[in-house]
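Breakdown of the fold
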Amino acid sequence: MAKTAKLEIDGKIYELPVVIGSEGEHAVDVSKLRADTGYITLDDGYGNTGSCVSNVTFIDGEKGILRYRGYPIEELAEKSTFIETAFLIIYGHLPTSAELRRFSDLLTQNELLHEGMKFHFEGFPPNAHPMAILSSMINAASCYHPRLMEGYNPSHFDLQAARLISKVRTIAAFAYRKSRGLPINYPKPVYKYTANLLHMMFSEPYQDYDLKPEVVRALDLIFLLHADHEQNCSTSTVRMIASSRANLFACAAGGVCALWGPLHGGANQAVIEMLEEIHKEGDDGSKFIVAAKDKKSGRRLMGFGHRVYKNYDPRAKIIKEQCDKILNSLHITDPLLDIAKRLEDAALHDPYFIERKLYPNVDFYSGIIMRAIGIPVEMFTVIFAIGRMPGWIANYKEIMDEKTSRIYRPRQIYTGATERKYLPIEQRTGA
Ligand code: SDX
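Attention shifts here to the sheet that holds strand β4 (residues 57-60). Spatially, three strands are ordered β4-β5-β6 in an open sheet, and the strand pairing comes out antiparallel. The strands lining the two open edges of the sheet, one partner per strand, are β4 and β6 (71-72). In terms of strand pairing, β4 meets strand β5 (residues 65-68) through four bridges, oriented antiparallel. When the bridges of β5 are listed, Thr57 appears paired with Tyr68.

Set out below in structure tokens:
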């Protein structure tokens, strides 16, 4: 017997279907609510609203569980790579060696940008934010592949997905080099995905970048840990754009813009800027914690809190462990890591954060690793975007493969002026 929920409106009882997910999550299906009752639901920030059913990623925020296609993030972090995990997220299963080789070859064959793209880079001012460059260059790249603009064609999907994953990495590296007035480095087919990004960013005409395995592994892990995260702000944006049947590159460009915000992917840049400010002021973190608890200060403990996790973000746990490893292996001591650890310890013992279940999230420690690698803070959210591409692509594919999926078009409750007459300008008194 299917489960239902009862709703009483104006003395009438309505039975609404209940949808139960494979992990036991329950939702009241309100898709017929307005037709049956004339009412809609209202949910500021969508904290209680499911926009879709999805098979890609499962999060249990209370228990701090994250799984990509059923595989725990801890196991993938330990045993997998970013590109293998990207395949898993997009296609739903761990690849065979033949599938992985074909996917990897597709990425290599599509790592170059059309030479015409170089002129676009020239047009950006030196201080252009790389997220602005990334979002515009993703759309620019699609113009060189007209078939991409034809919308969704399952027989073209593999190539489109590989092109996007491979080219965003090249765009990011070129943007970095241009911002520093340095000559661009072309990708080397001999290098795998993450090593190639490091090469394109940091090799110089006089010497190739020294690809330390522990550095490549640390950045690859950062990408893997960011690869998907169910219906976060940027992924929901990608689905919103995909629902109109726009092409994959247009969806990804929109995802980049949503991710840029400091409450979302931009938090990794905001965390380092916060730690640097605390360090510069000689604060041991305690003054900042006081400000972060005071709404009037306009400050927040960046990298803390999460809409879904009301427990420690499992990704933050893994990244925190990696911080010590990478700093030790590179013989770096970073005072910002000590400040971050002190902030975490103070916050986790402070009633304000405990009552609100505010814990470190994926952005709290990731910047420490990127700093140790030599990635500048303005590139941090670009690194996040590169990591998140597989999740955006998988969510795009879910919508496109779902023949009955409809355009996303939420309702609203209007609270503005009721009907009024147009006044000639000479009779107007303002407001
Ligand atoms: C990401 O959704 C995803 O999955 C995102 C992500 C992904 O992988 O895609 O996980 C990546 O975006 C991680 C989050 C990165 N953002 C930050 O670190 C910015 C700092 N954190 C926040 O601003 C906040 O915690 C959010 C945006 C992450 C969540 O915001 P919510 O769910 O809307 O929570 P809220 O703003 O309603 O806060 C609830 C209470 C409020 O206090 P009260 O009104 O109850 O008194 O907690 C307070 C907030 O003021 N609060 C904080 C705080 N975060 C929430 N107070 C101080 N410092 C903070 N960081």
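Having seen the structure, we can now continue with the description.
Attention now moves to the site of the ligand. The ligand sits among 24 residues. The nearest are His229, Arg300, His306, Arg307 and Arg315. Arg315 is positioned with one of its side-chain polar atoms (N or O) 2.7 Å from an oxygen atom of the ligand. Residue Asn361 places a side-chain N or O atom 3.0 Å away from an oxygen atom belonging to the ligand. Isolated, the ligand exposes 1100 Å² of accessible area, and the fraction of that covered by the protein chains is 78%. Considered class by class, the residues forming the shell around the ligand number ten nonpolar, seven polar and seven charged.

With that settled, consider the pairing of strand β1 (residues 4-9). Two faces belong to every sheet, and in a regular strand the side chains alternate between them. Bridge count for β1 against strand β2 (residues 12-20) is six bridges, and the pairing is antiparallel. Note on β2: the bridge partner recorded for Lys6 is Glu15. Where β1 folds back on β2, the antiparallel hairpin that results is connected by two residues, among which Asp10 adopts a positive phi of roughly 50°.

One finds Ile138, Met274, Leu275 and Leu301 to be the most contacted residues of the largest nonpolar core, which totals 122 residues. The element contributing the most residues to this core is helix α18 (residues 380-401), with 13 residues. In contact with Leu275, not counting residues within four places along its chain, are Leu336, Ile339, Ala340, Leu343 and Ile368.

Further remarks concern the sheet that holds β1. Hydrogen bonds along the backbone pair up the strands of a sheet, which may run parallel or antiparallel. Here we have three strands laid out as an open sheet, ordered β1-β2-β3, and antiparallel in their pairing. Looking at strand neighbours, the two that pair on one side only are β1 and β3 (26-28), the edges of this open sheet. Direction aside, neighbouring strands of the sheet carry axes that sit 35° apart on average. Looking at chain direction, β2 and β3 are connected through three bridges and run antiparallel. The residue of β3 that forms the bridge with Val19 is Ala27.

What counts as what
- Residues numbered from 1 in each chain as written.
- Predicted model: local features only at pLDDT ≥ 70, side-chain atom pairs only at ≥ 80, totals over all residues.
- Heavy atoms only, no water.
- Pairing = 2+ DSSP bridges.
- Helix = DSSP H or I, 4+ residues; strand = E, 2+ residues; numbered from the N terminus.
- Near = heavy atom within 4 Å.
- Polar contact = N/O pair within 3.5 Å; in protein donor to acceptor, adjacent residues only side chain to side chain.
- Areas by Shrake-Rupley, 256 points an atom, 1.4 Å probe, with all protein chains shown as cover.
- Nonpolar A, V, L, I, M, F, W, Y, C, P; charged D, E, K, R; others polar.
- Core = buried A, V, L, I, M, F, W, Y, C linked by side-chain atoms within 4.5 Å.
- Buried < 20%, exposed > 50% of the residue type's maximum accessible area, 1.4 Å probe, protein only.
- Contact = heavy atoms within 4.5 Å.
- Axes fitted to C-alpha atoms, helices over the stretch in contact; angles between N-to-C directions.

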